[in-house]
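# Topology and contacts: notes
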Amino acid sequence: MKKHLPLLAALIIPSGHPDIEITNFAMVEATGAKRSMELNAKTAKIYQEERLTHLQSLQSKVWSGRGAIYSIKADSSVLDNLEQDFVTDGKTSISTPDAYIFETSNIKYTASKKMITGEDKVVLSPISKLSIAGQKFYLEGVGLNMNLNNDKLSILDKVKAEQDNKSTKKLKITSKAFTFDTYNSNGVFSGNVDVRHPEYKMQGQTLSLNFRPSASGEQKTLQNMYLEQGKKNKVKAIIGTTTFRSKGFRVTFLENGDLNKSEALGSAEATLEGGISIKAEKLYSFSEDGVSKFRMEKSVEIRTTERLAKCQEAIYTPSTGEFQLFDVASLSDGSQNLKGKEIIFSTKDSFLKVKKASGDIEKSKLK
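As a starting point, this report considers the structure included with it.

### With respect to the nonpolar core
Ranked by size, the top nonpolar core spans 78 residues in total, and within it F189 and M296 carry the most contacts. At five residues, strand β14 (residues 200-211) tops the list of elements feeding residues into this core. Among all residues touching M296, those that are not within four sequence positions of it are I278, A280, K282, L283, I302, Q312, E313, A314, I315, Y316 and F323. One finds Y47, L52, V78 and V87 within the second-largest nonpolar core, a separate group that totals five residues.

### Remarks on the side chain of T96
Locating T96 in the fold gives a position in the loop between β5 (86-95) and β6 (100-105). Other than its neighbours up to four places away in sequence, T96 contacts I69, Y70, F102 and L153.

### Thoughts on the packing of aromatic side chains
All chains considered together, the criterion is met by 11 aromatic pairs. Consider the rings of F178 and F189, whose centres lie 4.5 Å apart with planes at 45°: the pair is tilted. Of this pair, F178 sits in strand β12 (residues 177-181) while F189 sits in strand β13 (residues 186-197), and the two are 11 residues apart along the sequence. On the accessibility criterion, F178 (3% relative accessible area) is buried. Looking at F189, the relative accessible area reads 0%, which means it is buried. Seen in terms of ring centroids, F244 and F294 are 5.8 Å apart; in terms of plane orientation they differ by 50°. Their pairing is tilted.

### A closer look at unusual backbone geometry
Even without being glycine, K114 reaches a positive phi, approximately 50°. By the element assignment, K114 lies in the loop between β7 (108-110) and β8 (115-126). K114 gets classed as buried once you look at its relative accessible area, which sits at 16%. Positioned with a positive phi, D151 is a non-glycine residue whose angle comes to about 60°. Note on placement: D151 falls in the loop between β9 (136-147) and β10 (152-164).

### Regarding the pairing of strand β1 (residues 20-31)
With 11 bridges joining them, β1 and strand β2 (residues 34-47) adopt antiparallel strand pairing. When the sheet's bridge partners are listed, E29 is paired in β2 with M37. Linking two consecutive strands that pair antiparallel, namely β1 and β2, is a turn of two residues; a positive phi of about 65° is found at G32 within it.

### Brief notes about the pattern of salt bridges
In this structure the tally under the stated criterion is 10 salt bridges. The closest approach of N and O atoms between D157 and K176, which form a salt bridge, is 3.3 Å. Separated by 19 residues along the polypeptide, D157 in strand β10 and K176 in the loop between β11 (171-175) and β12 bring together distant segments of the chain. With relative accessibility at 48%, the residue K176 sits in the partly exposed group. Here K293 ties to E288 by a salt bridge, and the two come within 2.7 Å at their closest N and O atoms.

Conventions we followed
- All residue numbers refer to positions counted from 1 along the written sequence of the respective chain.
- Local features are withheld for residues below a pLDDT of 70 in this predicted model, meaning they are given only at 70 or higher, and side-chain atom pairs are given and counted only at 80 or more; totals for whole chains, interfaces and linings count all residues.
- Excluded from the side-chain calculation are hydrogens and water; included are all heavy atoms of the structure.
- Definition used in this section: a nonpolar core is a set of buried Ala, Val, Leu, Ile, Met, Phe, Trp, Tyr and Cys residues joined via side-chain atoms within 4.5 Å.
- Only protein chains enter the accessibility calculation, which uses a 1.4 Å probe. A residue is then buried if its area is under 20% of the maximum for its type, exposed if over 50%, and partly exposed in between.
- Numbering of helices and strands runs from the N terminus; a helix is a DSSP stretch of H or I covering at least four residues, while a strand is a stretch of E covering at least two.
- In this analysis, two residues are considered to be in contact whenever any of their non-hydrogen atoms come within 4.5 Å of each other.
- Aromatic rings from Phe, Tyr and Trp, taking only the six-membered ring of Trp, are treated as a pair when their centres fall within 6.5 Å; an angle between ring planes under 30 degrees marks them as stacked, one over 60 as edge-to-face, and anything in between as tilted.
- Two strands are counted as paired when DSSP detects at least two bridges linking them.
- Counted as salt bridges are all cases of a side-chain nitrogen of Lys or Arg within 4 Å of a carboxyl oxygen of Asp or Glu.

Pasting the structure below:
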C-alpha cells in the first residue's frame, strides 16, 4: 500500500496501529429515506484521531442524483470519516446502470459533489454476464470524470473506441475526449475525431452518438451518429468509392450494427466514380430492394464528364449509372440545353428521357 495516495494527499494511512478494527464492515449513508452510499469491506481499520478508515476489499454502491446505482470495487481504499469521501489504491472497477464496467486505478469519490475522478488509464467494456446479442461497445482513454448529479461520464484524453457486432466488421473511433450521458443515452467524441470502418471513413471535430433505449440493466446498442466540423470547415466522409464533404454527416445503424443509411447535410458535396461530382443541401445514401442509391435535395447540381444537370431533387443509382431529376430539372451538354418536369439519363449509355420537355432538344437522343 502506498503511503501517499494520488488525488487526495490528505488521506494518508497513519503508521501506527488502528484504534478499532472491524471484520465484515458495513456502512450506509442516507438523506431522509433515500440512500446515497453503501460501503462494505472485508476489514476496516479505523483511526479516530485522524478521522480515517482503511478498507480492504471494498464493495461500494453510490446513488446518482436521478437514483441510478454505480457499484465500485477496489482491493484497498481510504475513507474520510467526516466528509465520507474515499480514494482507492490500485485496481478499481466501476459498474454503471446500463451494464458497462469502467476499469482503472486510484479514483477519488467526493461525496458532497457526487463526483468520481481519476488520472490513470480507463477501460470501458460490457459486463460479460449481462451481454445481449448484437453490438458491443468498448472504449479506453486516460483520465476519468463521473458527475453522478446528472449521470454524465467523461474520458478526458487519448480516447480509442470500438463498436463490435456479430460480423467481422468493426467500427473504430479515436478522439481527444469522450462524454456519455447515461440518462439520455447519448455520447460525444470531441477533438480530432477519426472514424474507421471497412465500409466507410469519417473525419471531423465532434461526433455525437445516440443509443437505442433499453430496459434497465441492459446494454444499449448504437442507433446513429452525427459528425460535425468547425464553423468554417467541412467534415469528410468516404463510403465505398464516394467522398463526401458537408457541414454535417449522419450515419444510421440497423440493430445488428450494420450501416443503414448515411446523410450529408449542409452545403454537401460528393465525388463519385467516373468523374461525377454532386452538390446539394442534403445528400443521402440508402438501399432500396438491395440496391444502393443516392438521394439529393435542394439546390442540386450534378456534373459528369459530358453534362451539367440542375434540379431540386434527384436520385442516382451507381450500379446502373442512372440519374432521375425532378422539380424543374435542366440538363445541358454543350450541344443541347433542355428543361423538363422530370429528366432521366444514364452515365453508362446514351439513354435520355424527358417529361414535359422544353428547350433546344435533339429529338434523336430522346426515348
